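Chain by chain, the residues:
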Amino acid sequence: MVVLLSENRDDNLIIKCDNLVKIYKTKDSEVMALQGLDMNVENGELMAIVGKSGSGKSTFLNMVGGLDKPSAGRLFVDGKDLFKMSNQDLIEYKKKTVGFVWQNNARNLFPYLNAIQNIQVPMIFTSHRKRKEEAQKLLEMVGLAHRKHSRLGELSGGEQQRIAIAIALANNPKVLLADEPTGSVDVQTSNYILDVFRELNRNLKTTIVIVTHDMGLARKVNRVVSIQDGKISSEMHARISYQSDMENVTGFEEEHDEFAVLDRAGRLQLPSEMLEKMGVENNKVRLEYVNDTIVIKPVD
């Protein structure tokens, strides 16, 4: 049975994306990275976006982060219309509304500064008066208060990424964006970083959007959105909440319901692997409506 997910109420949405299009133009061709993407993110949500390379997931994150401008559609973050922002508006937006965690630590950290100095750098551009005290609190949140005087070369990859998370939170953003934040660390460190995200989401109520190819990581959040060819193809929603006890999350990743998602025109994307298993050729299928269920069959 195909399920159409109802839209969230606008008054609780921090990200509203409607028919979003992004086209990259080169001298000889055009590449459509987003093809009418519709997505809503609730305030305080912890979610992941997954998809193959080139599916459009990182493009979406860059749109929300104010790092790239959409070609068409509508995009609102915290009530701000990103289509109507001037360059100065975007600078203020990136200072105060969003924080970014990159996979490449070189984009997050200054190697000649120690941990606590790195965290204070974004605070220079705002009105933080007690920078050192605020930086110390963030170090404690990510479990690295004892490493505050360590420089980049003295920290492990996982420690560097936790410092990067603290830097992204330095100006108390409404939305924290993380692009493959565990892509360069081992499984144990990856799980620890996810625990940091969950505690920050629980304690600070910060909305966190993670782009990842790691389904093991993705299944441990509240919602997983799968993007295929620049559109949402499916979603998974948790049936239980991790926010009861951090010690009692064993097996959490098994507790998800998965849904197919129709776009506004009623179109449905099916994974290529599923089509191969069905024996579908030439992109043609038969549809039947049987007992309140839509049945999809290959053409004989």
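Numbering of residues starts from 1 in every chain and runs along the sequence as written. Residues qualify for local features only when their pLDDT is at least 70, as the model is predicted, and side-chain atom pairs are given and counted only at 80 or more; totals for whole chains, interfaces and linings, by contrast, use all residues. Excluded from the side-chain calculation are hydrogens and water; included are all heavy atoms of the structure.

## Some thoughts on the sheet that holds strand β1 (residues 13–25)
(1) Moving on: Note: two strands are recorded as paired if DSSP finds a minimum of 2 bridges between them. Going along the chain from the N terminus, every DSSP run of H or I of four or more residues is numbered as a helix, and every run of E of two or more is numbered as a strand. Strand order in the open sheet formed by four strands is β2-β1-β4-β5, and the pairing between neighbours is antiparallel. The open sheet terminates on both sides in strands that have one partner only, identified here as β2 (30–42) and β5 (80–81).
(2) Moving on: As paired strands, β1 and β2 are joined by ten bridges and run antiparallel to one another. Its bridge partner lying in β2, K22 is registered against L34.
(3) Moving on: Along the sheet, helix α1 (residues 57–64) contacts β1, β2 and β4 (72–77); its crossing angle with β1, the most-contacted strand, is approximately 115°. Contact criterion: two residues are considered in contact whenever any of their non-hydrogen atoms come within 4.5 Å of each other. Axes, fitted as lines to C-alpha atoms, cover a helix only where it is in contact. Angles between the N-to-C directions of the axes lie from 0 to 180 degrees.

## Things to note about the packing of aromatic side chains
(1) Moving on: We call Phe, Tyr and Trp rings a pair once their centres come within 6.5 Å, taking the six-membered ring for Trp, and we label the pair stacked below 30 degrees between planes, edge-to-face above 60, and tilted otherwise. Tallied over the entire structure, the rule returns two aromatic pairs.
(2) Moving on: Ring centres of F100 and W102 lie 4.2 Å apart, and the angle between their planes is 10°; this geometry places the pair in the stacked category.
(3) Moving on: Residue burial is assigned from relative accessible area. The probe radius is 1.4 Å, only protein chains are included, and a residue is buried under 20% of its type maximum, exposed over 50%, and partly exposed in between. Using a relative accessible area of 14% as the deciding quantity, one classes F100 as buried.
(4) Moving on: For W102, a relative accessible area of 13% translates into the label buried.
(5) Moving on: Centre to centre, the rings of F110 and Y112 are 5.7 Å apart; their planes meet at 50°, and the pair counts as tilted.
(6) Moving on: Two conditions define a charge sitting above a ring: the NZ of Lys or the CZ of Arg must be within 6 Å of the ring centre, and it must be within 35 degrees of the ring normal. A cation over a ring is seen here: K22 above Y24, with NZ or CZ 5.0 Å from the ring centre.

## Let's talk about helix α4 (residues 131–141)
(1) Moving on: Those residues of α4 lying buried are A135, Q136, L138 and L139. Along the long axis of α4, the arc covered by the buried residues comes to 165°, so they all point the same way.
(2) Moving on: Of the surrounding elements, those touching the buried residues of α4 are α3 (115–120) and α5 (157–168).
(3) Moving on: After α4 finishes, the residue G143 shows a positive phi value of roughly 75°. The arc in question is formed by the directions pointing from the helix axis toward the C-beta atoms.

## Some remarks on α5
(1) Moving on: In this model α5 runs 17 Å from its N-terminal to its C-terminal C-alpha over twelve residues, within 8% of the 16 Å that 1.5 Å per residue would give.
(2) Moving on: In terms of residue burial, α5 counts as a mostly covered element, since eleven of its twelve residues are buried.
(3) Moving on: Within α5, the full set of buried residues consists of G158, E159, Q160, Q161, R162, I163, A164, I165, A166, I167 and A168.
(4) Moving on: Elements in contact with the buried residues of α5: β6 (98–101), α3, α4, β7 (175–179) and α6 (187–204). To estimate how far a helix should reach, multiply one less than its number of residues by 1.5 Å.

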